[in-house]
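Results of the structural survey
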Amino acid sequence: MKEYRVLTGDRPTGRLHLGHYVGSLQNRVALQNRADVVSRMYMVADVQALTDNYDNPAKVRENVMQVVLDNLAVGIDPTKTAIFIQSMIPEIAELTVLFLNLVTVNRLLENPTVKTEIAEKGWNAGKLARAFDLGEVIDGGERPGVPTGFLCYPVSQAADILFGLANLIPVGADQRPMIEQTNEIASAFNRIYKTDLFPHVDILVGETGRLIGTDGNAKMSKSLSNTIYLSDDADTVAQRVRGMYTCPSKISVSDTVSDLELAGNTVFQYLDIFDTDTELITGMKQQYQNGEIGDSVGKTRLTEALNTLLDPIRSRRAEYAQDMDGVREIVELGTNYARGVASDTMSRVRRAMGIDYF
Ligand code: TRP
């Protein structure tokens, strides 16, 4: 039987939402009960969060424990999964430096996720963009350049994964290019330094795919204000659902709706994911299309489904939050474990490269 070492992480830039849940968290929890998984690690990726929040370390710091709580709340069990903080493992930074030699600047600029993020931030990836900003537009309207740390974060993420010799990574689909680059780096390292130290890495993406935002936007994202957080209370969830994007042409109950328009209705898209009674939902869609029911029936049903999912998550979160000393202890223990693994791997890396001097 093939054995798996699972590792994943989140950037601590805000609380986690339903998109994280369907993309990755659900899989993380399920992997805790698989017999072929021999090791599990969960990283709070604070160093990575700093690559685009270098000017706001307080935000990163404040969110470290929030993402830990979110993970504990959905059922990450600290006796099965080592929870640790990236910046507390200096070997990851060491490994990043060694990996940087194995990747070209152009390869990083071509990484689709990096490319998208650069575009979203309005950074200038052109060859003359020298400085990064300090918050302002520089030199006669020129856009600020891309911070080197940001450009290189896929290399750092490869080190995140490979220090743990992990080979199964439960993450959202947007992370696919990161896993591809990790595999390129691992195989370059193995080839150049004539070793078989690093494994081939597989990605594991949630079956439902990407969750659209409550406004119908393709991505659920804090910056678009179209999120439902795992820690939102029942009233907030109800309010979010009430404001969800449905079918603009359906103004009164009796209006009928085309298949195409129904497909764009976020309420039914969410019901398909979060309501287990598929037969009932199919019937409900039919009635909605035929002009027999309006938006409120689906919205009420969805609010119930979401609160059923979130109730136990919220109460587990509240329980852990009552004992933050205990949570810090969990993270400290996990970090110590990860440090042991890291120091082991670094010895092997040094040996493979012949830089194990004394
Ligand atoms: N890039 C991931 C995200 O934005 C977070 C992350 C950092 C990660 N290091 C990782 C995920 C290692 C998996 C493995 O969500």
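1. A few points about the pairing of strand β3 (residues 82–85)
- Neither face of β3 is open: one carries A82 and F84, the other I83 and I85, and all of them are buried.
- As paired strands, strand β2 (residues 37–44) and β3 are joined by four bridges and run parallel to one another. The residue bridging V44 from the neighbouring strand is I85, located in β3.

2. Considering helix α14 (residues 295–321)
- Helix length check: α14 (27 residues) gives 36 Å between terminal C-alpha atoms against 39 Å at 1.5 Å per residue, within 8%.
- L310 marks where α14 bends most, by close to 35 degrees; the proline P312 follows one to four residues later.
- Burial in α14 covers these residues: G298, K299, L302, T303, A305, L306, N307, L310, I313, R314 and R317.
- As for α14, its buried residues are in contact with α1 (18–31), α3 (57–74), α10 (234–242), α12 (266–274) and α13 (278–290).

3. Some thoughts on the environment of I293
- Relative to the elements of secondary structure, I293 occurs in the loop between α13 and α14.
- With 27 residues separating them along the chain, I293 and T266 place their C-alpha atoms 16 Å apart.
- Those residues in contact with I293 that sit more than four places away from it in its chain are K250, V253, M284, Q287 and Y288.

4. A look at the site of the ligand
- Surveying the vicinity of the ligand reveals 13 residues, the closest of which are R11, Q48, Q157, D160 and Q175.
- In the environment of the ligand, a nitrogen atom lies 2.7 Å from a nitrogen or oxygen atom belonging to the side chain of Q48.
- In the environment of the ligand, a nitrogen atom lies 2.7 Å from a nitrogen or oxygen atom belonging to the side chain of D160.
- Secondary-structure elements contributing two or more residues to the shell around the ligand are β1 (4–10) and α8 (153–162).
- Counted by class, the shell around the ligand contains six nonpolar, five polar and two charged residues.

5. Quick look at the packing of helix α4 (residues 90–100) against α8
- Their axes nearest at 8 Å, the elements α4 and α8 cross at an angle of 125 degrees. One finds that α4 runs oblique with respect to α8. Taken as a pair, α4 and α8 cross one another with a handedness that is right-handed. For the pair formed by α4 and α8, the contact residues are I92, L95, T96, F99 and L100 on the first element and V155, S156, A158, A159, D160 and L162 on the second.

6. Quick word on the packing of α4 against helix α15 (residues 324–353)
- Following both chains from N to C, one finds α4 and α15 inclined at 30 degrees, their axes separated by 9 Å at the closest point. Of the possible angle classes, the one that applies to α4 and α15 is roughly parallel. In this structure, α4 crosses over α15, and the sense of that crossing is left-handed. Here E91, E94, L95 and L98 of α4 lie close against α15, whose contacting residues are R339, A342, S343, M346, V349, R350 and M353.

7. Structural notes on the packing of aromatic side chains
- Summed over all chains, the structure comprises nine aromatic pairs.
- Consider the rings of F84 and F163, whose centres lie 5.8 Å apart with planes at 80 degrees: the pair is edge-to-face. With F84 in strand β3 and F163 in the loop between α8 and β4 (168–170), this residue pair connects regions lying 79 residues apart in the sequence. Comparing F84 with F163 shows no difference in burial state: the two are buried.
- Seen from their ring centres, F189 and F198 are 5.0 Å apart, and the 70 degrees between their planes marks the pair as edge-to-face.
- Among the residues examined, F189 registers a relative accessible area of 1% and is labelled buried.
- Taking the relative accessible area as the measure of exposure, F198 reaches 4% and is therefore buried.
- Grouped by ring-pair contacts, the aromatic residues F99, F189, Y193 and F198 constitute a single cluster.

About the cut-offs
- Residues numbered from 1 in each chain as written.
- Predicted model: local features only at pLDDT ≥ 70, side-chain atom pairs only at ≥ 80, totals over all residues.
- Heavy atoms only, no water.
- Buried < 20%, exposed > 50% of the residue type's maximum accessible area, 1.4 Å probe, protein only.
- Helix = DSSP H or I, 4+ residues; strand = E, 2+ residues; numbered from the N terminus.
- Pairing = 2+ DSSP bridges.
- Expected span 1.5 Å × (residues − 1).
- Bend = angle between axes of the 7 residues up to and from the residue.
- Contact = heavy atoms within 4.5 Å.
- Near = heavy atom within 4 Å.
- Polar contact = N/O pair within 3.5 Å; in protein donor to acceptor, adjacent residues only side chain to side chain.
- Nonpolar A, V, L, I, M, F, W, Y, C, P; charged D, E, K, R; others polar.
- Axes fitted to C-alpha atoms, helices over the stretch in contact; angles between N-to-C directions.
- Parallel < 35°, antiparallel > 145°, perpendicular 65-115°, else oblique.
- Left-handed = near helix turned anticlockwise from the far one by under 90°.
- Phe/Tyr/Trp six-rings, centres within 6.5 Å; stacked < 30°, edge-to-face > 60°.

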